[in-house]
Structures are given as C-alpha cells and as structure tokens.
Amino acid sequence: VIAAMTALAPQLARITAERVQVELSKLLLGPDPRSGLELLVDTGLADFVLPELPALRMADDEHGQHKDVYAHTLQVLEQAMDLEDEGPDLVLRMAALLHDIGKPKTREFQPGGRVSFHHHEVVGRAMARTRLRELRYSKQFIEDVTRLVFLHLRFYGYRDGDWTDSAVRRYVVD
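Residues numbered from 1 in each chain as written. Predicted model: local features only at pLDDT ≥ 70, side-chain atom pairs only at ≥ 80, totals over all residues. Heavy atoms only, no water.

Engineer: Any chance you could explain unusual backbone geometry here in plain terms?
Structural biologist: Excluding glycine, residues mostly have negative phi values, and the peptide bonds linking residues are mostly trans. Of note, the phi angle at R136 is positive, near 65 degrees, even though the residue is not glycine. Topologically, R136 is positioned in the loop between α8 (120–134) and α9 (139–151). (Helix = DSSP H or I, 4+ residues; strand = E, 2+ residues; numbered from the N terminus.)

Engineer: Would you mind going over the side chain of E52 with me for this structure?
Structural biologist: Tracing the chain through its elements places E52 in the loop between α4 (46–49) and α5 (69–82). Exposure remark for E52: the relative accessible area of 10% places this residue in the buried category. If we ignore the near neighbours within four places in the chain, the residues touching E52 are I101, M127 and R131. (Buried < 20%, exposed > 50% of the residue type's maximum accessible area, 1.4 Å probe, protein only. Contact = heavy atoms within 4.5 Å.)

Engineer: Looking at this structure, how should I read the pattern of salt bridges?
Structural biologist: Side-chain pairs of opposite charge can arise where the charged atoms are in close proximity. Taken as a whole and judged by the stated rule, the model has 10 salt bridges. R136 serves as the salt-bridge partner of E18, at 3.5 Å between the closest nitrogen and oxygen. Of the two residues, E18 sits in helix α2 (residues 17–29) while R136 sits in the loop between α8 and α9, which places them 118 residues apart along the sequence. Using a relative accessible area of 39% as the deciding quantity, one classes E18 as partly exposed. For E78, the salt bridge is made with R34, and the minimal N-O distance between the two is 3.0 Å. Here the residue E78 occupies a position in helix α5, and R34 occupies one in helix α3 (residues 33–43), the gap between them amounting to 44 residues. For E78, a relative accessible area of 33% gives the class partly exposed. Overlapping salt bridges bring together R19, E23 and K26 as one network. (Salt bridge = Lys/Arg side-chain N within 4 Å of Asp/Glu carboxyl O.)

Engineer: Is there a simple way to explain α5 in this structure?
Structural biologist: One turn of an α-helix holds 3.6 residues; hence residues three or four places apart share an orientation. Between the first and last C-alpha of α5 there are 20 Å, a value that for 14 residues agrees with the 20 Å anticipated at 1.5 Å per step. On its buried face, α5 is in contact with α2, α3, α6 (90–98) and α7 (103–106). A side-chain oxygen of the first residue of α5 lies 3.0 Å from the backbone nitrogen of Y70; this N-cap is D68. (Expected span 1.5 Å × (residues − 1). Polar contact = N/O pair within 3.5 Å; in protein donor to acceptor, adjacent residues only side chain to side chain.)

Engineer: When you look at the nonpolar core in this model, what are you seeing that I'm missing?
Structural biologist: Side chains of a nonpolar character, in soluble globular proteins, are inclined to be buried together. Of all hydrophobic cores here, the largest spans 40 residues; its most connected members are M94, L98, Y137 and V145. Those elements that place two or more of their residues in this core are α2, α3, α4, α5, α6, α8 and α9. Leave out the neighbours within four places in its chain, and M94 touches L24, L28, L132, Y137, F141 and V145. (Core = buried A, V, L, I, M, F, W, Y, C linked by side-chain atoms within 4.5 Å.)

Engineer: When you look at α3 in this model, what are you seeing that I'm missing?
Structural biologist: Taken together, the buried positions of α3 are occupied by P33, L37, L40, V41 and T43. Looking one or two places after α3, you find G44, whose phi comes out positive at around 90 degrees.

Engineer: Explain the packing of α2 against α6 here, please?
Structural biologist: Think of two packed helices as two axes; the pair is described by the angle between the axes and how far apart they sit. In the contact formed by α2 and α6, the axes pass within 10 Å of each other and the chain directions differ by 95 degrees. Here α2 lies roughly perpendicular to α6, going by the angle between them. Contact with α2, carried on its side by L24, S25, L28 and L29, involves L90, R93, M94 and L97 of α6 and no other residues of that element. Looking at the contact of α2 with α6, its residues break down into 6 nonpolar, 1 polar and 1 charged. (Axes fitted to C-alpha atoms, helices over the stretch in contact; angles between N-to-C directions. Parallel < 35°, antiparallel > 145°, perpendicular 65-115°, else oblique. Nonpolar A, V, L, I, M, F, W, Y, C, P; charged D, E, K, R; others polar.)

Engineer: Whenever I open this one, the packing of aromatic side chains confuses me. Can you help?
Structural biologist: The relative placement of two aromatic rings is captured by the distance of their centres and the angle of their planes. Tallying each qualifying case throughout the model produces 1 aromatic pair. Here Y137 and F141 contribute two aromatic rings whose centre-to-centre distance is 4.5 Å and whose plane-to-plane angle is 20 degrees, an arrangement assigned as stacked. On the basis of relative accessibility, which here comes to 10%, the residue F141 falls in the buried class. Here the guanidinium or amino end of R125 rests over the ring plane of F150, the centre of that ring lying 4.0 Å away. (Phe/Tyr/Trp six-rings, centres within 6.5 Å; stacked < 30°, edge-to-face > 60°. Lys NZ or Arg CZ within 6 Å of the ring centre and 35° of its normal.)

Engineer: Explanation requested: the side chain of R93 in the structure shown.
Structural biologist: Looking at the secondary structure, you find R93 in helix α6. Residue R93 is classed as buried on the basis of its relative accessible area of 4%. Excluding residues within four positions of it along the chain, R93 makes contact with L28, L29, G30, P33, L77, M81, E84 and P88.

Right under this line is the structure:
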C-alpha cells in the first residue's frame, strides 16, 4: 500500500488547492492526526501537500545537541489536542503543526557544537502564511495560525517568574 501511495504522490499536483485544504483539515481534525501525518511523510505525499513537515526531519548535529524537530512537532500536536475542551480546534492544531517550520531555514551551528534557530518564529510565521495562502485557507484562519506560530516562544523567558513591567505590557498587547 505504501509503495502504491508513493508512486501516486506526484499525481497530487492535479488536485486543486481547495480540495487538498479540505482533506488536510479533515486529517488534522480527526482523532489520530499523527498517524495520518506520518503516513503522508513516509509516502512522500507530504512533499506535495505540506513540504515543510518532512523538512523538519533534519539530521542530528554531531553532538546531539538538538532534538528531532519532526518528532517534537508531532508531540506538540498531541499535547495541543490534550488541551482541547470543546472538541477539535483546527487553528490550535495547525499552529502546533507549523510552530517550528522555520527551524530548518534558521539552523546555525555554533562553537562548541551548539545549534541555534534564532528568529525561527519570525521565519516560521512567514512560511506558514505562504503555505496556508497556497492552500486557500481564509484570511482570518491564516492570521490566527500565524499569530500563534509567531508567539509560541513568548513565555519561554518568563517561566522563572522574572516578569518586567515591559514584558507584562507586551504580553497584554499580544
């Protein structure tokens, strides 16, 4: 089955963007989107539907200093689903899926074997906007998802409770 799907993957170029959007949304809103996304990646279908997803399967750096971004992304999607109180939330799920898509383009190897992804949230927002427009999602949906992608690191520096007044103001504005 996987071999047959892999052989048919290039045929997806014939399908309209609107139809691909509907099917991707159904997959994300289903009870087990991870399995469907893994199948898309494993068969090469994601290269035509959501090429940013297989791009997250970056090779580990030589010192193992960063986690597998692809596996992390699927884990974040599952964690986002656990937060849903009132049924599936397509905006939340799509933002979880796309939150780190800027990492491959921003990856830099630092001295000492460290890896950085500076401003991946900015690059990811632009990439998400482009992909979601190509898939013909609504302007409001695109704005909501890309805002979450951009802001997904907002609390990273605040976990220790060291909030400055300006940090609180930024948070309130956002």
